[in-house]
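Chain and residue survey
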Amino acid sequence: MNLSSLFSDMGTGFSVALAPENLMFGLLGVLIGTAVGVLPGLGPSVAIALLLPLTFGLEPTTAFILFGGIYYGTMYGGSTTSILINTPGDAASSVSTFEGYPMAKKGLGGVALATSAIGSFIGGTFATFMLMIAATSLASATLWFGPPEYFALMLFALTMVTGMAGKSLPRALFAMALGLGLAMIGIDLQTGENRLTFGVQELYGGIDVALGAVGLYAVGEALWLIAAPPSGPTEQLPTNRLWLKMDEWKRSFIPWIRGSIVGFSSGLLPGTGATFATFMAYGVERRFSKNPEEFGKGAIEGLAGPEAANNAAAGASMVPLLALGIPGSATTAIMLVAFQLYGLQPGPTLLENNKELVWGLIASLYVANVLLVVLNLPLVGLWVQLLRIPKGLLTAIILVFSTVGAYSLQGSLGDVVVVWLLGVAAFLLRRFGFPVAPVLLGLVLGPLIEQDLRRSLAMSSGDFSIFLSRPISASILALIVVIGIYKIVPLIRRRNRIAPTPEG
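Parameters and conventions
- Residues numbered from 1 in each chain as written.
- Predicted model: local features only at pLDDT ≥ 70, side-chain atom pairs only at ≥ 80, totals over all residues.
- Heavy atoms only, no water.
- Patch = residues over 30% accessible without salt bridge, like charges linked within 9 Å, V, L, I, M, F, W, Y side chains within 5 Å.
- Areas by Shrake-Rupley, 256 points an atom, 1.4 Å probe, with all protein chains shown as cover.
- Salt bridge = Lys/Arg side-chain N within 4 Å of Asp/Glu carboxyl O.
- Helix = DSSP H or I, 4+ residues; strand = E, 2+ residues; numbered from the N terminus.
- Phe/Tyr/Trp six-rings, centres within 6.5 Å; stacked < 30°, edge-to-face > 60°.
- Buried < 20%, exposed > 50% of the residue type's maximum accessible area, 1.4 Å probe, protein only.
- Lys NZ or Arg CZ within 6 Å of the ring centre and 35° of its normal.
- Axes fitted to C-alpha atoms, helices over the stretch in contact; angles between N-to-C directions.
- Parallel < 35°, antiparallel > 145°, perpendicular 65-115°, else oblique.
- Left-handed = near helix turned anticlockwise from the far one by under 90°.
- Contact = heavy atoms within 4.5 Å.
- Nonpolar A, V, L, I, M, F, W, Y, C, P; charged D, E, K, R; others polar.
- Core = buried A, V, L, I, M, F, W, Y, C linked by side-chain atoms within 4.5 Å.

1. Let's talk about a nonpolar patch on the surface
Residues Phe253, Ile254, Ile257 and Ile261 make up a contiguous nonpolar surface patch of about 350 Å² in total accessible area. Positionally, Ile257 belongs in helix H10 (residues 246-267).

Okay, structure coming up:
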């Protein structure tokens, strides 16, 4: 695509996106998305699926501009409660609890929200820009990844997050194994056999990732607050500062850029989604940080990177959808259904025959990003007031929203029971010093790892050497080995130093 046609197409897109009716629906989508993102368990896919029947009377372009606003708005809103009350709106925003919530506990809730808003804007703008200039060529790059490459990439993500445990590596490995075990629950799609369901019909469909995020973090945090001893007046934390200092700008800028690149690269791969991207970005920031000891205690880099990655992955998932007709996430899968309901098939023909729709949607993502910053930054002070809610009332609110959010997914009481059981499990893990993050990542990636392992072995007739004979998968596996050695050798040396020496 030459520059003249690019500018021409973008001019067409902005003329469509800024039309009064479309602009109004874009603003409506942003508001709905932000509100939905705050509620535990209700991600963008749920919001778009619920609104889909109500958009049949709209023009296709207007409907997809509404969906685009909801998509980006939910990415923003999901981080607000993650940061302030340790209650993620969806699985992707759960990573924001790692550093955002400790920042809020130190009185930096406003700073954390501003970091999130700016990072989301940078990540979303970068992804939309990349989508604009190279949708076809970037989508073709995903064809380099087959099942062996996906399998190696998923293992790399597990290695990155589990390796963050430091001295608690054995406990992190146990937590990861627990998450993988939870991911195995349900009907095996290949054999049709029930696994680990113990005859409970509600478990036949497996444990939804959204339920995992809400149970492990929202309900788990509420139970932890209930069990915590009463504290004095210091419970009401100072939240006067709502903007970043120069040092915080410096510490956040490179993670914003790095997170945007990591998020966009991850989002291009169909099936990985924003959750995978945020975990990857967090692991990358942990590796590159000059202050790794601050992670888990409120390191602003650990919030800035994943927040940028979150929205960058959301934008990137539109590339395989528009260019190849392959949904890159649960949300784009719903949008694929919407395209088909309107008699449209995403892919190369859509890019050629429906330029007004495609470029109007891309331009609306720019507009949505700007609207979100304009709406959210002035509201930082308002959102921070959540920290002043008494602990008892806050706990009740978390449990009510978590229960309602779990039930709303499928209208099943079984989902509510699962969320509460996961909450109890998260409480026990924290009580005995086990990290919760590897559990959630194992739950997210477990089905994908199993699926790609089986596909890889089917391709090679059961020969495991397929992972080493393909350059990309072999390179990723080699990197995993290097990281494993880097983490395990210091542990062995430390254990040898503290081991008792024989007398005499």
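2. Digging into the packing of aromatic side chains
Per the counting criterion, the structure on display carries 10 aromatic pairs. Taken together, a centroid distance of 5.9 Å and an interplanar angle of 80° make the contact between Phe126 and Phe264 edge-to-face. With Phe126 in helix H6 (residues 109-141) and Phe264 in helix H10, this pair connects stretches of sequence that are 138 residues apart. Residue Phe126 is classed as partly exposed on the basis of its relative accessible area of 27%. Judged by relative accessible area, which is 4%, Phe264 ranks as buried. An aromatic cluster is defined as three or more aromatic residues linked by ring pairs; in this entry it consists of Phe98, Phe279, Tyr282 and Phe295. Positioned above the aromatic ring of Phe434, the side-chain terminus of Arg171 is 5.3 Å from the ring centre.

3. What about the packing of helix H2 (residues 20-38) against helix H16 (residues 355-376)?
Two quantities define a packed helix pair, namely the angle between the axes and the distance from one axis to the other. Remark: H2 packs on H16, axes separated minimally by 10 Å, with the N-to-C direction vectors making an angle of 55°. When the interaxial angle is binned, H2 and H16 end up oblique. Between H2 and H16 lies a crossing of right-handed hand. Packed against H2, whose contacting residues are Leu23, Gly26, Leu27, Val30, Leu31 and Thr34, the element H16 presents Val367, Ala368, Leu371, Leu372, Leu375 and Asn376 at the interface. Here the residues of the contact of H2 with H16 sort into 9 nonpolar, 3 polar and no charged.

4. Considerations on the packing of helix H9 (residues 209-227) against helix H20 (residues 437-459)
Between H9 and H20, the least distance of the axes is 10 Å, while the angle of their chain directions is 170°. The angle between H9 and H20 falls in the class roughly antiparallel. Contacts between H9 and H20 involve Val209, Gly212, Ala213, Leu216 and Tyr217 from the former and Ala437, Val439, Leu440, Leu443 and Val444 from the latter. Looking at the contact of H9 with H20 residue by residue, the class counts come to 9 nonpolar, 1 polar and no charged.

5. As for the pattern of salt bridges
Summed over the entire model, instances satisfying the criterion amount to 8 salt bridges. For Arg454, the salt bridge identified is with Glu450, shortest N-O distance 3.6 Å. With Arg454 and Glu450 both in helix H20 and 4 residues apart, the pair spans about one turn of that helix. Given the relative accessible area of 28%, Arg454 is considered partly exposed. What makes Glu450 buried here is its relative accessible area of 18%. What emerges from the salt-bridge pattern is a single network uniting Asp188, Arg195, Glu450 and Arg454.

6. Some remarks on unusual backbone geometry
In this structure, Leu196 takes a positive phi of about 60° despite not being glycine. Mapped onto the secondary structure, Leu196 falls in the loop between strand S2 (194-195) and H9.

7. Regarding the nonpolar core
Judged by nonpolar contacts, the single largest core of 50 residues is most densely connected at Leu216 and Leu445. Of all elements in the fold, only helix H7 (147-162), helix H8 (169-183), H9, helix H11 (273-288), helix H19 (413-431), H20, helix H21 (466-469) and helix H22 (471-498) reach the threshold of two or more residues within this core. Per-element accounting of this core gives the leading share, 10 residues, to H20. Counting 49 residues, the second largest nonpolar core, distinct from the first, contains Phe64, Ala312, Val319 and Leu361.

8. Observations concerning the side chain of Ser96
Locating Ser96 in the fold gives a position in helix H5 (residues 96-105). Classification of Ser96 by relative accessible area gives buried; the value is 3%. With sequence-adjacent residues up to four places away left out, Ser96 is seen in contact with Ser79, Ser82, Ile83, Tyr101, Leu303 and Glu307.

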